[in-house]
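# Breakdown of the fold
Spelled out from the first residue to the last, the chains are:
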Amino acid sequence: MAGQVTENRGTPIVGRLTPRAATPVAIALGVLLLSDVLRVFLPSLITLYGRAGETPPEQMGLFAALWFALPFAAAPVARLTGVRPILLFGAVALVAARIGLQTTDGGDPQLYLSAIGVCAGLLFLYGAARTAARDAAPVGIAAGLAASTVVHLLLDRMDLVWRDGPLPWIAVLAFCAAFLAAVLTSVRLAHRPGDLAPAAVWLLAGPALMLTGMFSGGPGFLELGQDWAALLSFDVALRIVLVCWGVICARTAPWSGWAGLILIVAVSAQATDLAGGLVIVTPVVLGACLGQAARGDLPTGRPPRNGAAVLGGMAVFLVGTFLYYAAYDTNLGFPNVVIPIAAAVLVAVTGTRISRRRPAVPAGRPAMRWLALALPLALVAGVLSWRPAPGTRTADGPEFTLITYNIRMGFGLKGRLDLDRLAGWARAQHPDVVLLSEVDRGWMLNGGHDDLARIAAGLGMRYYFAPAADPLWGDALLTNLPVRQIVSHPLGRHDYPTGAQAQAIVLTVGGAEVGIVNTHLQAPPGQAPEAAAIVRALAQPRGGTARPVLLAGDLNTTPDDPAMRVLTAAGLSDPLLALGDPPTSPADAPTERIDHVLLSPGLRAVEARVPRVPFSDHLPIVVRLRLE
């Protein structure tokens, strides 16, 4: 094409970074840093601005939309200053916000720095879309999504922003320095409009980011449990290989866009659930269709619309993300799985429609070398993230210590992810059993962390997860005592959108069986009778004597509520009434007790405490129990 910037294809990958090679590197690192900032901004909306439900959803949505709308002002500014100042300003502001986040201790600075970082990241992408060559766009976007996934995995899904010490600082500064160096090198190139990638490539960046954020980490395989944790890392690494394959395939085969569309239909139909199918095919669709779109020609006689396209795609990211997760608090009138399916189909269909059929072009040795590099990375990721499960142990006497705690996805009062400090505090209580509510195992809205695996590793305990709202959000039991029986019973919704369950457990303590019902009631008037029925069934094993049972968790019920009378009618008593009736919510200024440990005959509370700790918006209950 006339005026297109050429390159020497014999230039080695390792060596001086040329302006042409720097462009996809800059895009990839920009996507990586933007993903990093989004993993702080999204949960900060919920825990700091939203105060976990205290702020109206529409107000919270408008606040989020503001930071995604501000970059649209770049278009009129670009007509006055040109595009490159916007690209450079966005890159520098993104780096400043990311470094600033490393210095904060939560609170409003975390909320607003992450918001500024998102806005700056979008300004950078606007500038990149208006200046990057057609080859650099799909490779940079796909590589950035893959890099974000693998870094998140190798960090055990505990981002650097939540870590203390010098090593996270060194890593963050290195990423930021490499990003700025690549940006400063890439701006030396000048491209004509015909040299740029089609606008649809940049439009698809938003849906691509949403899909990889929702399905990175292998949510379809979480039910395998911690004994198979290595499979999660191999699953992610395999999808990194598929991303590389998708980019190579898209640049060599004109049918790759249709291949992605066919795969998404075929695999989703055979998967155990629709999300599992999307986990497998998402990287193929993204890589193939982004590369496929890059081969299309721009219409002649029309100014490029790449900048508006990338901002529009990020608006799709915002709307799709909030609709998907709003379904757990609001009845949308349709299942939320429709949203990622629609986004994946959009990626496949749009990538196919705008491409022109061209003869296949050899992928070239550099691309094949990158694909070969992904295979050893898969092995390294698998080895580094595998953890053996702790063994079981027996309780010598008739007493055991239990903690029940609504952890609010691990975010403390200042909005910081406090999983390690939470686990350290709990370990100091020497518990035998830990019951957790609001456990998140990978929601993008909360940053994509596996709370349960992280806390269990800190405690050195085995865990048993019980999905409630969806396969990644629910309740959990952690213990190394022998577990004889564990069943999760779904509770009725009773017109409440968030799902709930009751985890019925039988443990062995001092040679005797103890029943535990672990739940987080969302609609207590309707769900309390169901929980009471589960308690009665657990207390009466077939062919045996009555078994002592306890019911614990966030019941969203005070001792004076009618739902509590339903539970006491099932033979349960509240030992904390005689121990001062300490309130548990809200954690910063508790006024009421909605978290409980209720006991049946045969169990006695030797000691009970409600420690004032800042790891959630609830306070935990620590109780020492004795079998009688």
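This text gives an overview of the structure that appears in the document. Residue numbers run consecutively from 1 along every chain, following the written order of its sequence. Predicted model: local features are reported for residues with pLDDT of at least 70 only, side-chain atom pairs are reported and counted for 80 or more only, and whole-chain, interface and lining totals are derived from all residues. The side-chain figures draw on all heavy atoms in the structure; neither hydrogens nor water molecules are used.

### Some words on the overall build of the protein
Convention followed: Helix and strand definitions here come from DSSP, where helices need a minimum of 4 consecutive H or I residues and strands a minimum of 2 consecutive E residues; each element is numbered from the N-terminal end. We call a residue buried when its accessible area falls under 20% of the maximum for its residue type, exposed when it is over 50%, and partly exposed in between, using a 1.4 Å probe and counting protein chains only. Surface accessibility follows the Shrake-Rupley procedure with a 1.4 Å probe radius. Residue values consider only the protein chains on display as shielding.
Helices and strands together make up the secondary structure of the protein, namely 19 helices and 11 strands. The 628 residues of the protein split such that 57% are buried. Accessible surface for the protein amounts to roughly 25100 Å². Of this, 63% is attributable to carbon and sulfur atoms.

### A look at the nonpolar core
Here is the rule we go by: Put simply, buried Ala, Val, Leu, Ile, Met, Phe, Trp, Tyr and Cys residues joined by side-chain atoms within 4.5 Å make one nonpolar core.
Grouped together as the largest cluster of nonpolar side chains are 114 residues, with contacts concentrated most on Phe41, Trp202 and Leu478. One finds Leu481, Leu507, Leu550 and Leu603 within the second-largest nonpolar core, a separate group that totals 27 residues.

### Some words on the pattern of salt bridges
Inclusion rule: A carboxyl oxygen of Asp or Glu within 4 Å of a side-chain nitrogen of Lys or Arg is what we treat as a salt bridge.
The tally for this structure, following the rule as stated, stands at 17 salt bridges. Among the ionic pairs, Arg39 bridges to Asp159, the shortest N-O distance being 3.8 Å. Here Arg39 is found in helix H1 (residues 19-49), whereas its partner Asp159 is found in the loop between helix H6 (136-154) and helix H7 (166-186), with 120 residues between them in sequence. Asp159 shares its class with Arg39; the two are buried. Of the charged contacts, one joins Arg416 and Asp105 as a salt bridge, the two residues approaching to 3.8 Å between their closest N and O atoms. With a gap of 311 residues between them, Arg416 in the loop between strand S1 (399-406) and helix H16 (419-428) and Asp105 in the loop between helix H4 (84-103) and helix H5 (108-131) connect regions that are remote in the sequence. Residue classification places Arg416 among the buried positions, given a relative accessible area of 5%. By relative accessible area, which is 42% here, Asp105 ends up partly exposed. Three or more residues are tied together by salt bridges with common partners; here these are Glu399, Asp432, Arg624 and Arg626.

### Some thoughts on the pairing of strand S4 (residues 473-479)
Regular strands place their side chains on alternate faces of the sheet. Formally: What makes two strands pair is DSSP finding at least two bridges between them.
Most of S4 is tucked away: 7 of the 7 residues are buried. Two elements, strand S3 (residues 462-470) and S4, share 7 bridges in a ladder whose sense is antiparallel. Considered in S4, the bridge of Asp470 is made with Trp473.

### Thoughts on the sheet that holds strand S5 (residues 483-491)
Quick reminder of the rule: The angle between two axes is taken between their N-to-C directions and runs from 0 to 180 degrees, where each axis is a line fitted to C-alpha atoms and a helix contributes only its stretch in contact.
The strand order across the open sheet built from 5 strands is S5-S6-S7-S8-S9, with neighbouring strands paired in mixed fashion. Both edges of this open sheet fall to S5 and strand S9 (595-599), since each of them pairs with a single strand only. Each neighbouring strand pair of the sheet contributes to a mean axis angle of 15°, computed without reference to strand direction. Sheet topology places strand S8 (residues 549-554) next to S9; 5 bridges connect them, and they run antiparallel. Paired with Leu551 across the bridge in S9 is Leu598.

### Quick look at the sheet that holds strand S2 (residues 433-440)
This is how it is decided: Residue contacts are defined here by distance: any two heavy atoms, one from each residue, within 4.5 Å place the two residues in contact.
Spatially, the 6 strands line up as an open sheet ordered S3-S4-S2-S1-S11-S10, and their pairing is mixed. Among the strands making up the open sheet, the edge pair consists of S3 and strand S10 (603-609). Within this sheet the neighbouring strands show an average axis-to-axis angle of 20°, counted without direction. When S1 meets S2, the two strands line up parallel, connected through 5 bridges. Pairing of Ile403 across the sheet is with Val434, part of S2. Against the sheet, helix H17 (residues 451-459) engages S2, S3 and S4, with an angle of about 155° to S2.

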